[in-house]
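# Structural characterization, general
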Amino acid sequence: YLQLEMNFEALLKCRRRRLGMTRQGPPDFAIRRRIHFIFSRAARRFKGDERLWMQWIDFAERRKADKRLERIYGRALAVLPHSVPLWTRAAAWEFEA
């Protein structure tokens, strides 16, 4: 289901580019919010799945959702405190910002 929503977002982006529409509108924000909600629900259910957390972080970084990334990293590190890749990625992101 999550992949379907992400594909829908990509399709909408392609359609906007084809029609020459540069501004993003309410549908774009609604889709992103729904994708973040699905990721949040999945992360609540599968807390120990490091790959899921990394996918969510990748999505948020691609969308430049910095405020959301702060919360994602906080939740992920609280749930997976011994995950070395997660810690290094969070530290790298913190130093870049």
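Here the residue numbering is sequential within each chain, running from 1 through the sequence in written order. This being a predicted model, a pLDDT of at least 70 is required before a residue's local features are given, and a value of 80 or more before pairs of side-chain atoms are given or counted; all residues contribute to the totals for chains, interfaces and linings. Only hydrogens and water are set aside when side-chain values are computed; all heavy atoms of the structure are taken into account.

## Structural notes on the overall build of the protein
Scanning the protein for helices and strands turns up five helices and zero strands. Reading the protein from its N end, one meets helices and strands in the order α-α-α-α-α. Over its C-alpha atoms, taken along the principal directions, the protein stretches across nearly 45 × 30 × 15 Å. Here the term buried applies to any residue with accessible area under 20% of the maximum for its type, exposed to any over 50%, and partly exposed to those in between, with areas from a 1.4 Å probe on protein chains only. Counting every position in the protein, which comprises 97 residues, the buried fraction comes to 36%. Look at the contacts in the protein between residues 6 or more apart in sequence, and 48% of them connect residues 24 or more apart. Only the protein chains shown count as cover for residues, with accessible areas throughout obtained via the Shrake-Rupley method and a probe of 1.4 Å. Carbon and sulfur atoms form 58% of the exposed surface of the protein, whose accessible area is close to 7000 Å². In the protein, the 22 positive side-chain charges and the 11 negative ones have mean positions that sit 9 Å from each other. The numbering of helices and of strands both runs from the N terminus, where a helix is a DSSP run of H or I of at least 4 residues and a strand a run of E of at least 2. When checking whether two residues touch, look at their non-hydrogen atoms; a contact exists if any pair is within 4.5 Å. Charge counting treats Lys and Arg as positive and Asp and Glu as negative, with His and both chain ends excluded. Charge positions come from single atoms, namely NZ of Lys, CZ of Arg, CG of Asp or CD of Glu.

## Overview of the nonpolar core
Put simply, a nonpolar core is a bunch of buried Ala, Val, Leu, Ile, Met, Phe, Trp, Tyr and Cys residues held in one set by side-chain atoms that sit within 4.5 Å of each other. By size, the foremost hydrophobic cluster in this structure holds 26 residues, and its most contacted members are Ile 35, Phe 39, Trp 53, Ile 57 and Leu 86. Contributing elements (two or more residues each) for this core: helix 1 (2–19), helix 2 (26–45), helix 3 (50–62), helix 4 (66–79) and helix 5 (84–96). With seven residues, helix 3 is the largest single contributor of residues to this core. Apart from residues lying up to four places away in sequence, Leu 86 is in contact with Glu 50, Met 54, Ile 57, Tyr 73, Ala 76, Leu 77 and Leu 80.

## Some thoughts on the pattern of salt bridges
We define a salt bridge as a side-chain nitrogen of Lys or Arg found within 4 Å of a carboxyl oxygen belonging to Asp or Glu. Taken as a whole and assessed by the stated rule, the structure comprises six salt bridges. For Arg 32, the salt bridge is made with Glu 9, and the minimal N-O distance between the two is 3.4 Å. You can see Arg 32 sitting in helix 2 and its partner Glu 9 sitting in helix 1, a full 23 residues away along the chain. A single burial state applies to Arg 32 and to Glu 9, both of which are buried. Among the ionic pairs, Glu 9 bridges to Arg 63, the shortest N-O distance being 2.9 Å. Of the two residues, Glu 9 sits in helix 1 while Arg 63 sits in the loop between helix 3 and helix 4, which places them 54 residues apart along the sequence.

None of this, on its own, says anything about what the molecule does.
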